[in-house]
Amino acid sequence: MAKPTYEIGLVLSGAISAGAYSAGVIDFLIEALDAYEAAKARPDWDGPTHDVRIPIMGGASAGGMTAAIAALHAFHDLQHVWPGEPLPQPPANRLYSSWVHDIDILRLLETTDLDGTQSKKGVRSLLCCDVIDEIVANAFNLSGALRQAHWVGRGDDRALRVFLTLTNLRGVPYSFQLFGSDDPRRYGMLNHGDYLDFKIGVSPAPAAGAYALDVRQTGPGDWDLYRTGAKATGAFPVGLAPRFISRKAADYWSSLRVGLENDDAFSPVFPDDWVKANDPYAFVSADGGTIDNEPLELVRRYLAGPGERNARSAERANRSVIMISPFPNLQKTTYEGRGERIVDIAPRLFSTLIDQARFKPDELMLAENERVYSRYMIAPERPRNRNPESKLYPIACGVLGGFGGFLHRSFRHHDYLLGRRNAQAFFRANFSLPVTNPLFAEFPEARRDKWLVRDIVSGALRTHRTAEGEQPGLPIIPLTPELTKEIVIGDADLPRPQVFDNPAVSGQLRAAIDARASRVVDVLVDNDLSAMISGRFGYFKRLGAKYFGADVLSTKFAEAIFDPGGALDAVRNAFYET
């Protein structure tokens, strides 16, 4: 007889540099699941013995890149990060190396993508993405032994599904017969919210709409699409380079994206038939978070199954979506002046469209509701000081519009550890179900008292409201004794904005900013905009454009970092000033 099983679908939100936080959460989750599986096999284990499985994870932007790396580590041993202990070598933990060790502002300010013959391709992004290409390539160099973790997959299928959201700049056409059956005209529209579906495992069985990828053979082929998809979902508009995607047109006939919800059933709607004739279907893709920054519905539909809903009540819940959200949209609308000029409207229009695409109150209200046990969220939380910026920036990566983590490794290291700390607290004290839930049917009552979930600070029992009244809870992922030891982030692990007080350090960054800005503007003027800046006195026009363009770009970037009230001051205030 099969054990009682609880399924988890992971949703990793867009995060830019705060992918370091999401990676830390995943690091602890993998450690907790591995430890629980090992503990259940020991004869002295006295805790719950139900199974916990992860069949699906979906991500957008930096969350998608984290999901792509995490999926590889699901099939390889992972060495974890603890304060005060030696850091793992890069191949032993690509989550940490990718987000903390390898990425850095100086690498992003290199000009190798615009030097020599590369300049003929024009400017693809304000920042250099060569380091991202290296990180994705290195993610497949893992030192951990190949394994088949029991917590991966669903039922007898031990594969892991991975959804990576994309912003399809070509769009996929849909049309509808709204003018009458005898009228040849059709009402049409384009869908730009796209995603790639991968099924990863050891000899994974084919699945409709998914690219089956064998972790034992990661060479050319569909794994190349996986690598490109990981970079495409994280291609933050303008800042990071877009990517070219070429996929099977038939994928759109297995999509969970477009459809109608009727009586708890999802009825897919398919694109125009001519899409099939355009095989492969190719397009340029930008950041997946532009349109779908939290692919919660995609993951929920897969987790629930066709035409089903995940049970929401405490008594019946047997699966849930956990959203990892480094930036849980705490911002409020800015002060609105008249601002009717083109220079006022243009910069705001892009962010307005993104904000509207991410407006999903119905989805997020359910995650907020304590009576709904099918949706949870892990977001940054740490002790605050008296400065308001302590609340505004619980993670160092939050400054500079989310790019701040790239400024210094200590910013990312702290946020990675905070992700682990927050995950530990969540699984220890929040992620639980009442003792009456069928998940614990095989757990003897005589052994339950020791495992009842309690508040970490007060020690009071955490209870759940059920039809039978308030009931104590048991953990969905029981933490072994070693993993209940509090992850303490000490002074040595705090972000260190003070390193930029050293003129040599700040001077190196300023010089890199100037060099990158100058090269970007040079290539823009000489290649991308050459036809527009020509004719009479064209040389002098180009010279002026280069001088003033580079000066404006470098000055604005440097001001946002170094000026009073800039990114470095924000981190100082948030972490040091009381």
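Refer to the structure above for everything that follows.
How each quantity is defined
Residues numbered from 1 in each chain as written. Predicted model: local features only at pLDDT ≥ 70, side-chain atom pairs only at ≥ 80, totals over all residues. Heavy atoms only, no water. Helix = DSSP H or I, 4+ residues; strand = E, 2+ residues; numbered from the N terminus. Rg over C-alpha atoms; globule rule 2.2 N^0.38 Å. Buried < 20%, exposed > 50% of the residue type's maximum accessible area, 1.4 Å probe, protein only. Contact = heavy atoms within 4.5 Å. Areas by Shrake-Rupley, 256 points an atom, 1.4 Å probe, with all protein chains shown as cover. Salt bridge = Lys/Arg side-chain N within 4 Å of Asp/Glu carboxyl O. Expected span 1.5 Å × (residues − 1). Polar contact = N/O pair within 3.5 Å; in protein donor to acceptor, adjacent residues only side chain to side chain. Core = buried A, V, L, I, M, F, W, Y, C linked by side-chain atoms within 4.5 Å. Pairing = 2+ DSSP bridges. Axes fitted to C-alpha atoms, helices over the stretch in contact; angles between N-to-C directions. Phe/Tyr/Trp six-rings, centres within 6.5 Å; stacked < 30°, edge-to-face > 60°. Lys NZ or Arg CZ within 6 Å of the ring centre and 35° of its normal.

Asker: Would you mind showing me how to read the overall build of the protein here?
Answerer: When helices and strands are tallied, the protein shows 15 helices and 14 strands. Relative to the compact-globule value of 25 Å for 578 residues, the protein shows a C-alpha radius of gyration of 25 Å, a close match. When its C-alpha atoms are laid out on the principal axes, the protein stretches across 90 × 75 × 50 Å. Split into buried and exposed, the 578 residues of the protein put 53% on the buried side. By sequence separation, contacts in the protein at least 24 residues apart represent 76% of the contacts at least 6 residues apart. A total of about 26600 Å² of accessible surface is found on the protein, and carbon and sulfur atoms cover 55% of it.

Asker: Is there a simple way to explain the pattern of salt bridges in this structure?
Answerer: When the charged atoms of two side chains with opposite charge come close together, those side chains can pair. Throughout the structure, instances matching the rule amount to 32 salt bridges. Between Arg107 and Glu110 there is a salt bridge whose closest N-O contact spans 2.8 Å. For Arg107, a relative accessible area of 23% puts it in the partly exposed group. Judged by its relative accessible area of 25%, Glu110 falls in the partly exposed class. Residue Asp251 pairs with Arg247 through a salt bridge whose shortest N-O separation is 3.0 Å. Classification of Asp251 by relative accessible area gives buried; the value is 7%. Through salt bridges that share partners, Glu297, Arg300, Arg301 and Arg375 make up one connected network.

Asker: I would appreciate a short explanation of helix α14 (residues 538-562) in the present structure.
Answerer: Because each turn of an α-helix spans 3.6 residues, side chains separated by three or four positions end up pointing in the same direction. Here α14 contains 25 residues, and its C-alpha end-to-end distance of 35 Å stays within 8% of the 36 Å for a straight helix at 1.5 Å per residue. Every buried residue belonging to α14 is among Gly538, Ala550, Ser554, Ala558, Ile561 and Phe562, and all of these are buried. Each element contacted by the buried residues of α14 is listed here: α13 (503-528) and α15 (567-575).

Asker: I'm lost on helix α6 (residues 222-233) in this one. Help?
Answerer: Helix length check: α6 (12 residues) gives 16 Å between terminal C-alpha atoms against 16 Å at 1.5 Å per residue, within 8%. Counted residue by residue, α6 has nine buried out of 12 residues, so it is predominantly covered. All buried positions along α6 are accounted for by Trp223, Leu225, Tyr226, Arg227, Gly229, Ala230, Lys231, Ala232 and Thr233.

Asker: Please explain the side chain of His50 as it appears in this structure.
Answerer: Within the secondary structure, His50 is located in the loop between α1 (19-40) and β2 (51-59). The class of His50 is buried, set by a relative accessible area of 3%. A polar side-chain atom of His50 sits 2.7 Å from the main-chain carbonyl oxygen of Ile476. If we skip the residues at most four places from it in the chain, His50 touches Pro4, Tyr36, Lys40, Leu439, Phe440, Pro475, Ile476 and Pro478.

Asker: Would you mind going over the nonpolar core with me for this structure?
Answerer: Side chains that are nonpolar tend, in soluble globular proteins, to be buried together. Counting residues in each nonpolar core, the largest one holds 134 residues, and the members touching the most others are Phe198, Ile200, Tyr226, Phe427, Phe431 and Ile477. Counting residues per element, this core draws most heavily on α1, at 13 residues. Membership of the second largest hydrophobic core comes to 11 residues, among which are Ile56, Tyr195, Leu298 and Met323.

Asker: Explain the sheet that holds strand β14 (residues 469-475) to me, please; I cannot follow it from the model alone.
Answerer: As a general point, the strands of a sheet are linked pairwise by backbone hydrogen bonds and lie either parallel or antiparallel. Reading across from one edge, β12-β14-β13 is the order of the three strands in this open sheet, with antiparallel pairing throughout. The sheet is open, and its two edges are formed by β12 (432-434) and β13 (463-466), each paired on a single side. Averaged over neighbouring strand pairs, the angle between their axes works out to 45 degrees when direction is ignored.

Asker: I would appreciate a short explanation of the environment of Leu95 in the present structure.
Answerer: Summarising the element assignment, Leu95 is placed in helix α3 (residues 94-102). When the C-alpha positions of Leu95 and Ala70 are compared, they lie 6.8 Å apart, and in sequence the two are 25 residues distant. Discounting residues that sit within four places of it in the chain, Leu95 has contacts with Ala23, Ile26, Asp27, Thr66, Ile69, Ala70, His73, Leu78 and Tyr416.

Asker: Explain unusual backbone geometry to me, please; I cannot follow it from the model alone.
Answerer: A negative phi angle is the norm for most residues apart from glycine, just as the trans form is the norm for most peptide bonds. At the junction of Asp279 and Pro280, the peptide bond is cis and its omega measures out at 5 degrees in the coordinates. Along the chain, Pro280 falls in the loop between α7 (274-277) and β9 (281-286). At Leu400, a position not held by glycine, the phi torsion is positive, near 60 degrees. Among the secondary structure elements, Leu400 is positioned in the loop between α11 (388-392) and α12 (409-429). The exposure class assigned to Leu400 is partly exposed, which follows from its relative accessible area of 23%.

Asker: Looking at this model, I keep getting lost on the packing of aromatic side chains. Mind explaining?
Answerer: Geometrically, a pair of aromatic rings is defined through the distance of the ring centres and the angle of the planes. Summed over the entire model, instances satisfying the criterion amount to 22 aromatic pairs. With a centroid separation of 5.8 Å and an interplanar angle of 75 degrees, the aromatic rings of Tyr376 and Phe426 are classed as edge-to-face. Of this pair, Tyr376 sits in strand β11 (residues 375-378) while Phe426 sits in helix α12, and the two are 50 residues apart along the sequence. In this structure Tyr376 comes out as buried when scored by relative accessible area, which is 12%. Note on Phe426 and Phe427: the rings are 5.1 Å apart at their centroids and 70 degrees apart in plane angle, and the pair reads as edge-to-face. Overall, the relative accessible area of 8% leaves Phe426 in the buried class. Grouping aromatic residues by their ring pairs yields a cluster made of Tyr6, Tyr376, Phe426, Phe427 and Phe431. Residue placement shows Arg170 over the ring face of Tyr281; its charged tip is 4.0 Å from the ring centre. In this structure, Lys276 packs its charged tip against the face of Trp253, placed 4.7 Å from the ring centre.

All quantities given are derived from atomic positions and should not be read as evidence of function.
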